[in-house]
Amino acid sequence: MANSMSAIQPSTNPITEAGSRTLTAIDTQELPIWMRRARRGIDWGVLIVIAFSVIAAWPFMLQPGLPRTNASENYVFRAEDYATALREGVWYPRWSPNVMGGYGAPIPHFTPPGAGYFPALIQIFFTDNAVAAVRAVYIIAFMLAGPTVYALVLRRAGASAGVLAALLYVYSPYVGLTAPHLLGDVPGVMSLALLPVLLWSVDRLIGSNHPPDLLYVALATAALILTHSLAAAVSIALAVIFVLWHVLVCNRHAPWRSVVGGLLLGFGLAATFWLPLLADLNTVTFHYRDGVIQPMLTLGGLFAPVQPVDPAALVPVPQLTLGLVNAGFALSGAAALIHRRQQRRLGRSAAWQALMLVIGVALIVISLALPTQHWLLGALTLCCAIGGSAALRWRDLLPERVRHLLLPVAVIVLLVTAAPIWLARDWQEAFGAVKPADQVRYELNGFGTAVLPPDAPLPLTIAPTLELDPALYNSIGSPRDVNKIAAVSGPVASFEPLAHGTHADSFFLRATGPVTVSMLTAYFPGWRAVLNDVDVPIAPDAQTGLINIDLARCISREALNITSCLNGDVQVFLDTTPLRLLAWASVWTSLALLAVITVRRFRNLVPRFDEPPLLPPDETRLLATLCVGVIAAVLLIAPANTPISLRASPYYQLEDAQPLLTRANEGSIMRRDLETLAYRLAATEYRVGETVPLTLYWHTLNPNLPANYRTSAFLLNLSGGANSPATPLSHLGGYPTRRWPTDRYAQNTFHVSLAGVAPGEYSLAVEVYDCESACRASDRLAFFDPATRESLGRRLVLPFVIITVTP
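In this report, the structure presented in the accompanying data block is examined. Position numbers for residues start from 1 in each chain and track the written sequence from start to end. For this predicted model, a pLDDT threshold of at least 70 governs which residues receive local features, and a threshold of 80 or more governs which side-chain atom pairs are given and counted, while totals over whole chains, interfaces and linings are taken from all residues. Excluding hydrogens and water, the side-chain values take into account all heavy atoms of the structure.

## Observations concerning the state of the cysteines
Working step 1: The disulfide criterion is simple: two cysteine sulfur atoms within 2.5 Å. A complete count under the given rule lists one disulfide for this structure.
Working step 2: Cys771 shares a disulfide with Cys775; S-S distance 1.7 Å. Taking the sign of the S-S torsion, about 90 degrees here, the bridge from Cys771 to Cys775 comes out right-handed.
Working step 3: Using a relative accessible area of 24% as the deciding quantity, one classes Cys775 as partly exposed.
Working step 4: Distance from the sulfur of Cys384, which forms no disulfide, to the nearest cysteine sulfur (Cys383) is 6.8 Å.
Working step 5: Any residue under 20% of the maximum accessible area for its type is buried, any over 50% is exposed, and the rest in between are partly exposed; the area is computed with a 1.4 Å probe on protein chains only. Judged by relative accessible area, which is 12%, Cys384 ranks as buried.

This is the structure we're talking about:
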């Protein structure tokens, strides 16, 4: 009977079931945070993004060494300097001891320390190798950039948009290829990871106000300032715009004052860098290296498709582009947002994506106005990636059964078109040594300053033309053998160098009367000399700017006896200054305030748990399968020595160029120092005021070229009138020719200005010089036709090319 009654009664009561669901929802919200986290499950979206970020970083994991044809080598040298200084107990290095043949320069004082300090810490604690430490920095940057973009977009637009935005960012041409592989811009790559970290921390603070969020904002701000100051300025500007939009559109009571406080505390934490820098600007002169080719942002290049790296290119040309695919996603996202606006369904999430697209358009205008500031592409790429993630809003128009396919299809399109990025470039050569003697040798060979990228200014307190001391630079290599004393004037009984470090030198002195010691170290505020625990007067030499130690003035002090000023160990070291002490006081004060504020926030604020929607299971399974397939593809086809390779063929970039076979050397047709291979010219008709772009391809068959040659181009007037101004002298291929191998080609792109040029017909002429500066006509190399062995003179005139200049 009971069974029959149960069969008649309904299995559930709709009213009771609805009430039960309501109670369950209420109970879930009242659960402890740890229990709500456990019920939420795994965020597969962030794990998928991490996996794809690792794939983007694979060249730095699987290939040995680093390329030596970009700025990576300079940051390896810098990391070695920082690691040496830290091992000596110098916690904040401010001096590069091996610059200018050993005279030294305050490079760390005037450059953000992050790109040297962070890899140096990795070298000291983990790798014991500067090259491996810099590679680790690249890997960490990739693995930080993707997940933080995902976390930022997840909070505003959901997990699906977060995955797409993160991959659009990491696999963009600038983030995934140009900055790490072609430019070797270590601080730029670090800032590309820290920019989304700052925006994510600001979003958390202004949107959820978790207890540690102000700490995150301050640390991210300080890290950006200490890594890339210009990128920090743009990042902070983006954060301010973000906060203003949130306050005006989303929540007028949002804690914007906490954001301002976090940013100010970040400035305080970084004061040890920027405050002494501003104070000491008038103590140095900044010198730019001659012959450096600066990559330029152009409107056409900004939307050009990404090209595979030519394996035969010695210095691959930086591709300063958003890429057609990334630009296409941004346009698709903009169209989707416009469609939603027309449907009156924009919402705050879509409005935020629209805001990022508007900021991206503004950054395009700024980038074109500042064409040499290619680091702006980082912020521009992030804005376009976030705006491009709005393309997923088109799935609202798709049948429900196929909506989950849109994200995987978008990721497949992105990864296939981004093959030149994740295939990256190949470098198999060993990096070599990076010790002080190697840094000095690098400089003496005319390659530049070992610890500075070619386009970075060199801060000097001495004249750049000051003659180097052979005894000094030949002695660098052994700390006890380095002799930093140029001369000792006065009655010296005995003298002996004791020790040499990055920021200090010591020597034993015994004299019978007043002496003056001239050191082979450039003077800079903060240098201090101590003899027998007594400060000795120190000053720059009026002629050279090197350090002079005046022991005669020491003797003149009545409080000291003559013996203490004439006998003992002299310690010369770079000490602090009152302003640097003030900067450190600012750092410690900001740190103390930050600690107090953070503790109070943990005590006063109620912890919250944000629960943005995670990836749907269907999308998760498809993306995980796709990720496994991409990993297999990378292992099978990405390495250069695999039987299945999708890499471009060597010399493919010369296939559509015009052949030009000539030879240039000191005057003998039998020598094969330099040879032209081809040239590329876009057009032959131009107007006055325009620019003629000419690309010329070179190579050498001599592995030991005797000099670092320079080149320039100009228009040769065929009617005998005035020629066009010549382009500035630059290194052939943007790389010192003494470093050229025989199995690569180099290219020069000349931009010949037609400003002030008379209309008429012209030929294009190129000259090559063997000189460092103040080049003369007699320094030009001779050109020959290798087929006929005829001399072509001391300038190369492109055959059968006539440039017509019209008004």
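## Some details on a nonpolar patch on the surface
Working step 1: The patches described consist of residues with a relative accessible area above 30% and no salt bridge, like charges being joined within 9 Å and nonpolar side chains (Val, Leu, Ile, Met, Phe, Trp, Tyr) within 5 Å. Note that accessible areas follow from Shrake-Rupley with a 1.4 Å probe, and for residues the cover is restricted to the protein chains shown. The term salt bridge refers to a pairing of a side-chain nitrogen on Lys or Arg with a carboxyl oxygen on Asp or Glu at a separation within 4 Å. A surface patch of nonpolar side chains, amounting to about 430 Å² of accessible area, comprises Met61, Leu62, Met143, Ile631 and Leu635.
Working step 2: In DSSP terms, a helix is any run of H or I states spanning at least four residues, a strand is any run of E spanning at least two, and both are numbered starting from the N terminus. Those elements giving two or more residues to the nonpolar patch turn out to be helix 5 (58–62) and helix 28 (617–637).
Working step 3: Within the element layout of this structure, Met143 appears in helix 9 (residues 130–157).
Working step 4: On the accessibility criterion, Met143 (32% relative accessible area) is partly exposed.

## Description of the pairing of strand 16 (residues 710–717)
Working step 1: Counting buried residues in strand 16 gives eight out of eight residues, a clear majority hidden from the surface.
Working step 2: Looking at chain direction, strand 16 and strand 17 (residues 730–731) are connected through two bridges and run antiparallel. Among the inter-strand pairings, Thr711 is bridged to a residue of strand 17, identified as Ser730.
Working step 3: Bridge analysis of strand 16 against strand 19 (residues 760–769) gives eight bridges, and the strand direction is antiparallel. Considered in strand 19, the bridge of Ser712 is made with Glu767. Each pair of strands is called paired provided DSSP finds at least two bridges between the two strands.

## Things to note about the environment of Gln294
Working step 1: Structurally, the position occupied by Gln294 is in the loop between strand 1 (285–287) and helix 17 (299–302).
Working step 2: The spatial distance from the C-alpha of Gln294 to the C-alpha of Gly734 is 8.9 Å, given a sequence separation of 440 residues.

## Regarding the packing of aromatic side chains
The way to describe two aromatic rings as a pair is by their centre distance and the angle between their planes.
Working step 1: Think of it this way: a Phe, Tyr or Trp ring, Trp meaning its six-membered ring, pairs with another when their centres are within 6.5 Å, and the plane angle makes it stacked under 30 degrees, edge-to-face over 60, tilted otherwise. Counting across every chain of the model gives 14 aromatic pairs.
Working step 2: Measuring from ring centre to ring centre gives 6.1 Å for Tyr82 and Tyr117, while their planes differ by 65 degrees; the resulting arrangement is edge-to-face. Separated by 35 residues along the polypeptide, Tyr82 in helix 6 (residues 72–87) and Tyr117 in helix 8 (residues 114–127) bring together distant segments of the chain.
Working step 3: Note on Tyr117: relative accessible area 21%, which makes it partly exposed.
Working step 4: Ring geometry for Tyr651 versus Tyr745: centroids 5.4 Å apart, planes at 35 degrees, classification tilted. Taken together, the positions of Tyr651 in the loop between helix 28 and strand 12 (658–665) and Tyr745 in the loop between strand 17 and strand 18 (746–753) put the pair 94 residues apart, joining distant regions of the chain.
Working step 5: We classify Tyr745 as buried; its relative accessible area is 1%.

## Quick look at helix 9
Working step 1: What a helix should span is 1.5 Å times the count of its residues minus one. Its 28 residues place the ends of helix 9 40 Å apart at the C-alpha level, agreeing with the 40 Å of an ideal helix rising 1.5 Å per residue.
Working step 2: When you tally the buried positions in helix 9, you get 22 out of 28 residues, the bulk of the element.
Working step 3: Measuring from the side-chain oxygen of the N-cap residue of helix 9 to the backbone nitrogen of Val131 gives 2.9 Å; that N-cap residue is Asn129.
Working step 4: With its phi angle positive at about 100 degrees, Gly158 sits one or two positions after the end of helix 9. Pairing of N or O atoms within 3.5 Å defines a polar contact, subject to two protein rules: one partner must be a possible hydrogen donor and the other a possible acceptor, and residues neighboring in sequence count only if both atoms are side-chain atoms.

## Section: the nonpolar core
Burial of nonpolar side chains together is a common tendency in soluble globular proteins.
Working step 1: Residues Phe52, Leu66, Tyr171, Leu198, Ile549 and Val572 are the most contacted members of the largest nonpolar core, which totals 185 residues.
Working step 2: Per-element accounting of this core gives the leading share, 16 residues, to helix 9.
Working step 3: In what follows, residue pairs with any heavy atoms lying within 4.5 Å of each other are defined as contacts. Excluding its chain neighbours within four sequence positions, the residues that come into contact with Ile549 are Phe507, Val515, Thr516, Val517, Met519, Ala529, Val536, Pro537, Ile538, Val570 and Val572.
Working step 4: Trp698, Tyr735, Val766 and Ile803 belong to the second largest nonpolar core, which has 35 residues in total. Buried Ala, Val, Leu, Ile, Met, Phe, Trp, Tyr and Cys residues form a nonpolar core when they are joined through side-chain atoms within 4.5 Å.

## Observations concerning the packing of helix 4 (residues 44–56) against helix 9
Working step 1: Between N-to-C directions, angles cover 0 to 180 degrees, with each direction set by a line fitted to C-alpha atoms, over the stretch in contact for helices. Two elements in contact, helix 4 and helix 9, have axes separated by 8 Å at closest approach and are oriented at 150 degrees. Here helix 4 lies roughly antiparallel to helix 9, going by the angle between them. In this structure, the crossing between helix 4 and helix 9 has a hand that is right-handed. On helix 9, the residues that touch Gly45, Val46, Val49, Ile50, Ser53, Val54 and Ala56 of helix 4 are Phe142, Met143, Gly146, Pro147 and Tyr150. For classification purposes, angles smaller than 35 degrees are called roughly parallel, those larger than 145 roughly antiparallel, those between 65 and 115 roughly perpendicular, and all remaining angles oblique. Take the far helix as your reference; a near helix turned counterclockwise from it by less than a right angle gives a left-handed crossing, and one turned clockwise gives a right-handed crossing.

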